[in-house]
Structure formats: structure tokens, C-alpha cells
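As a plain string of letters, each chain reads:
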Amino acid sequence: MQAYRASIFHLEDDPAITDGEAHAFHEDGLLLVEDGRILACGAWDKLHDEIGAAPVEDLRGKLIVPGFVDTHIHFPQVDVIAAHGEQLLDWLERHTFPAEAAFADQGHAEETAEFFVEELLRNGTTSALVFGSVHKASVEALFASALRRDMRVIAGKSLMDRNAPPGLTDTVESSRADMESLIADWHGKGRLGYAVTPRFAISCSDAQLEMAGQVLAEHPTVWMQTHLSENLREIADTARLFPEARDYLDVYARFGLVGKRSVFAHCVHLGADAFDRLAQAGSAIAFCPTSNLFLGSGLFPLETACRHGVKVGMGTDVGAGTTFSILHTLGEAYKVGQMRGEALDPFQAFYLATLGGARALGLEGEIGSLERGKIADFLVLDLAATPLLARRLPQARSLEDRLFALTILGDDRVVERTYVAGMERYRRG
Ligand code: GUN
Ligand code: ZN
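How each quantity is defined
- Residues numbered from 1 in each chain as written.
- Chains lettered and ligands numbered in written order.
- Predicted model: local features only at pLDDT ≥ 70, side-chain atom pairs only at ≥ 80, totals over all residues.
- Heavy atoms only, no water.
- Pairing = 2+ DSSP bridges.
- Helix = DSSP H or I, 4+ residues; strand = E, 2+ residues; numbered from the N terminus.
- Axes fitted to C-alpha atoms, helices over the stretch in contact; angles between N-to-C directions.
- Contact = heavy atoms within 4.5 Å.
- Buried < 20%, exposed > 50% of the residue type's maximum accessible area, 1.4 Å probe, protein only.
- Lys, Arg positive; Asp, Glu negative; His and termini not counted.
- Salt bridge = Lys/Arg side-chain N within 4 Å of Asp/Glu carboxyl O.
- Expected span 1.5 Å × (residues − 1).
- Polar contact = N/O pair within 3.5 Å; in protein donor to acceptor, adjacent residues only side chain to side chain.
- Donors = N, O, S within 2.8 Å, 3.2 Å for Na, K, Ca; no water.
- Tetrahedral: all angles 85-135°; square planar, octahedral: opposite > 155°, others 65-115°.
- Near = heavy atom within 4 Å.
- Areas by Shrake-Rupley, 256 points an atom, 1.4 Å probe, with all protein chains shown as cover.
- Nonpolar A, V, L, I, M, F, W, Y, C, P; charged D, E, K, R; others polar.
- Phe/Tyr/Trp six-rings, centres within 6.5 Å; stacked < 30°, edge-to-face > 60°.
- Lys NZ or Arg CZ within 6 Å of the ring centre and 35° of its normal.

**Some remarks on the sheet that holds strand β14 (residues 378-381)**
Within the open sheet, the seven strands sit side by side as β3-β2-β1-β4-β14-β15-β16. Their pairing is mixed. Strand pairing shows two members of the sheet lacking a second neighbour, β3 (37-43) and β16 (423-427), which therefore form its edges. When the angles between neighbouring strand axes are averaged without regard to direction, this sheet yields 35°. The pairing of strand β1 (residues 2-11) with strand β4 (residues 56-66) spans five bridges and is parallel. Residue Ile8 lies in a different strand from β4, and its bridge partner there is Ile64. Sheet strands touched by helix α13 (residues 346-353): β1 and β2 (23-34). Its angle to β1, the strand with the most contacts, is close to 115°.

**Brief notes about the side chain of Glu230**
Turning to its location among the elements, Glu230 is positioned in the loop between β10 (223-228) and α7 (232-241). Although Glu230 lies buried, it forms no salt bridge, and the closest oppositely charged side chain, Arg199, sits 8.5 Å away as judged by the N-O distance.

**Structural notes on the environment of Gly321**
Its location among the elements puts Gly321 in the loop between β13 (311-314) and α12 (326-339). Of the residues examined, Gly321 reaches a relative accessible area of 0% and is grouped as buried. Spatially, the C-alpha atom of Gly321 lies 4.9 Å from that of Thr290, the residues being 31 residues apart in sequence. When residues no more than four places from it in sequence are discounted, the contact partners of Gly321 are Ile81, Thr290, Ser291 and Thr316.

**Quick word on α12**
End to end, α12 covers 20 Å across 14 residues, agreeing with the expected 20 Å (1.5 Å per residue, within 8%). Summarising burial for α12: ten of the 14 residues are buried, a large majority. Of all the residues in α12, the buried ones are Ile326, Leu327, Thr329, Leu330, Gly331, Glu332, Ala333, Tyr334, Val336 and Gly337. Measuring from the backbone nitrogen of Leu327 back to the side-chain oxygen at the start of α12 gives 3.3 Å, which picks out Ser325 as the cap. Residue Gly341 follows α12 closely and has a positive phi angle near 75°.

**What to know about the side chain of Arg5**
Looking at the element boundaries, Arg5 is found in strand β1. A polar side-chain atom of Arg5 sits 2.8 Å from a polar atom in the side chain of Asp28. Beyond its immediate sequence surroundings of up to four residues, Arg5 is in contact with Asp28, Gly29, Trp44, Val56, Glu57, Asp58, Leu59 and Arg60.

**A short note on the coordination of the zinc ion (ligand 2)**
Of the protein atoms, only His72 (NE2), His74 (NE2), His227 (NE2) and Asp317 (OD) coordinate the zinc ion (ligand 2), at distances of 2.0 to 2.3 Å. One can describe the donor arrangement at the zinc ion (ligand 2) as irregular, given that its four donor atoms subtend angles of 90 to 171° at the metal.

**Regarding the pattern of salt bridges**
For the coordinates displayed, the defined rule picks out 34 salt bridges. Among the salt bridges present, the one from Arg240 reaches Asp237, with a minimum N-O distance of 2.5 Å. A residue pair is termed a helical-turn pair when its members lie 3 or 4 positions apart in one helix, as Arg240 and Asp237 do in helix α7 at three residues. Ionic pairing is found between Glu371 and Lys374, a salt bridge with its closest N-O pair at 4.0 Å. The partly exposed category is assigned to Glu371, whose relative accessible area is 39%. A residue is classified by how much of its surface remains accessible, and Lys374, at 4% relative accessible area, is buried. A cluster of three or more residues bridged by salt bridges with shared partners is formed by Lys62, Asp382, Glu416 and Arg428.

**Focus on the site of ligand 1**
His74, Gln77, Arg199, Glu230 and Asp317 are the nearest of the 13 residues found near ligand 1. Contact distances for ligand 1 include 3.4 Å between a nitrogen atom and a side-chain N or O atom of His227. At 2.7 Å, a side-chain N or O of Glu230 approaches a nitrogen atom of ligand 1. For ligand 1, whose free accessible area comes to 280 Å², the fraction covered by protein is 100%. Broken down by element, the shell around ligand 1 gets its largest block of residues, three residues, from helix α2 (residues 88-101). When the residues that make up the shell around ligand 1 are grouped by side-chain class, the tally is five nonpolar, five polar and three charged.

**So, the pairing of β2**
Looking at chain direction, β1 and β2 are connected through nine bridges and run antiparallel. Within β2, the position partnered with Ala3 by the bridge is Leu32. The pairing of β2 with β3 spans six bridges and is classified as antiparallel. Across the sheet, the residue bridging to Gly29 is Ala43, located in β3. Hairpin connection, β2 to β3: the antiparallel pair is bridged by two residues, and Asp35 has positive phi, about 50°.

**Observations regarding the pairing of strand β5 (residues 68-74)**
Among the seven residues that make up β5, seven are buried, leaving the element largely enclosed by the rest of the structure. Note that β5 and strand β6 (residues 125-131) share five bridges and pair parallel. Following the sheet pairing, Phe68 is matched in β6 by Thr125.

**Regarding the packing of aromatic side chains**
The full count for this structure, using the stated rule, is 13 aromatic pairs. A ring pair is formed by Tyr4 and Phe378, whose centres lie 5.2 Å apart and whose planes are at 65°; its orientation type is edge-to-face. Taken together, the residues span a long stretch of sequence, with Tyr4 in strand β1 and Phe378 in strand β14 at a distance of 374 residues. Between the aromatic rings of Phe378 and Tyr419, the centroid separation amounts to 4.4 Å while the plane-to-plane angle is 5°, which identifies the pairing as stacked. Placement of Phe378 in strand β14 and of Tyr419 in strand β15 (residues 415-420) is noted, with a sequence separation of 41 residues between them. Comparing Phe378 with Tyr419 shows no difference in burial state: the two are buried. Taking NZ or CZ as reference, Arg5 lies 3.8 Å from the ring centre of Trp44, over its face. Residue placement shows Arg261 over the ring face of Trp223; its charged tip is 4.1 Å from the ring centre.

Structure, rendered in C-alpha cells:
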């Protein structure tokens, strides 16, 4: 058993639904961890009798929060970050497809996988839903790196049998075989999971989407991830390619890809009816503000999605996204809200980054908060990590104000330590 004494903050429910009672905050708190799980979390006063002979780490002045959940990120796009000047379809052609083609090389995939998972941990992300390249070996490299650190990584190889350069396409037969083998070898190993990953409707034939739906039906514990309604040209091209579908979401629904374990990235330009259908299906949306701003895709209607009852998590969407930091991503989410006349509440923001993300992945029984029995994925945050934070946060008028300033001013520099399943996997410096 290990004990940590610090301020502790986490969300126990969605603050949009349970007004005022969704979060727990202990200025002087205690977190007890045993065998990689949370044994207790609460006020030091109330709990310290339970410590027994366990060693106590005194982290007073720091803030413990749950590890962040990134519901949408691309592993083979680490080197695409900060590519100037294009919107989605041109950006894919010019920058992204060439970078992903390099993942045919196993050595490159392995080296990048190590960098990628270390960068996640350095930014406080302990769970992620990840796109691989089209190459099976790229996903294996990622799984191997995540497994060594016991991280909650769900990933899949991109399905793309058309509208991509030669060398970066698969076929219905090859992609089915690759998926079957990846599921058999990796799904459920440690904390890893497999996600059937049709890149987006434009890059998949009807036959490939149909096959993806079949694989999903045959493996009910596997996830599904794809892109939906991100960019206006993409939406117009999709409508031309699938004239029989009533809208973009229907392209996926017709092939059995819209279910409880499905996560759709972006959903920037979605009709009210599509939000309803996502909610009814129990599907989730990954909100990717830095990407949507960077590619000029648009402003995600977060309040609309929530009002319709759709589950939402945060996504960095690296490399169209410009940061690995979920904290920084929350700051950008706030600015997107401002452009829409919707000021994102700081408690809601932290919910989306933790328990909301966990619910989006159907993992709320395992991660997302510091409730007793959950896996001990947590962060130690340094609230004085920069001179500006050290000056601004002590002046905060409330917990809410403190958390808000943390999302606007904070990023990877704030993350002092990252624990995965009770083990320290990153320490700053
Ligand atoms: N749509 C299809 N592929 C991609 C991708 O790699 N990034 C983003 N942002 N959107 C996509
Ligand atoms: Zn994406």
C-alpha cells in the first residue's frame, strides 16, 4: 500500500447533470493505493487512520487529479504537427499521407511509438483511443510500447482501400486478415484494446465498410473509431460517394458502425437529427478543438451535443491537433465556446478530460475518477510550474477560478508526475 497526501480533485459525475455535486475536492487530501488500484480517496483528517504502516508521500501544495483521457489521437502523425497552410483534404494529401507512408518501416514505427507513449505520459494522458497507420506493424509497435507501461491504449490500423496514394492502401481481404490477427494477439492483453478504424467514409469502399461492420459484430468487446462531419469539402465529397445515405452519419449506420462502443471524431457540422441518433445509439464524440481551429474546420457545438445527450470526450487529434496536452486542449475548448457564445464551465472541462472521456470509451468502471476500486491512474500537478501560474493561482477566488486558470495557462509543464496503475511512469526533470 502507498499513501499520497496532497490536494485532490476529481469529478464523480457530469456537472451539467448533477449541478454542484459532481466534483470532490479535498484541500488536504489522502489517496491510498494498493496493488495498482485506489483503496481510498478523501480528506486527510478522515482517512489517515487507515494508512497503517504504509509509507506516506507528502505532496502538500500539489494537486492530484485523475489521469487524462484522450479520445482521439493519431500515432503516425507525430511528425505532421505544425504543417502550414491547408485544410483537411489538402493537408491529408500534402503532409499526412506521406508521413504515414513512412510507417511501412518497422524501425521507424517502433522508434515513434516509444516517443509517442512517452509524450502522452509527459502530458498526463494515461488512456487514449488511437489511430494507427494502415500498416499492421505500426499498431503492433504502439501496442508493445503501451503494454510495457501498462497504459490503457485502444488502437486500430486505419482502413483505407481507396482515395489514398499507392503504398498506403489496403484491400478488403488484407485489412480483414490484419484486424483478425491484431484482435487475436492484442485485444484484452494487459490494458490494451482493439478499435476497428475506418479512416473516414471517403477512404473506404462500401465493401470495406461492410467488412468492418461484420468484424465489429463478430467481436462485441472491440471498439470502433472514425471521423465524422469535420470539414465542408469532406462532407460534400462523402455525399457524392454515398448518394444512397441520408446523411454522413447514415453512411456508417448502414454498415453497423454506430453503436455503444463507437467514437466519432469532430462532428463539427452535424444536424440535430444526427446528434439524436448518436445519443440513441450510445455513441460518443471526440471534441478536438485545437485540430478544428488549426485546419479551419469549424466550431464544435458542445452544448448542442450535450443537450441531445451524446457522450463527449476530449481529443487532441495530433497531428492536425497542435498539442499532446489535454490541459491546453481544454483552454482551446473554452475559446471555441466563446466564439459560439457558450462559456465552457471549468468543472465541465475537467469532466470531459477525465470521467467524460472514460464514459465515452465505456471505461467509467475502471478509469476517469479516483473512486475506490478504480485503477490508480493519476497525476501530480505542480500549480506553480511557471512564474505566471505561481503568481496567478494563489490569487484565485475559488476552486473554479483556480481550475479555469490552470486550463488557460497550463500545459505539459504543470504535470510533475504521472502514475499508471499505481506505478510512477513519468517524473518531470
Ligand atoms: N479525416 C480523415 N483522416 C483524418 C486525419 O488524419 N485527421 C483528421 N483531423 N481528419 C481526418
Ligand atoms: Zn483525427
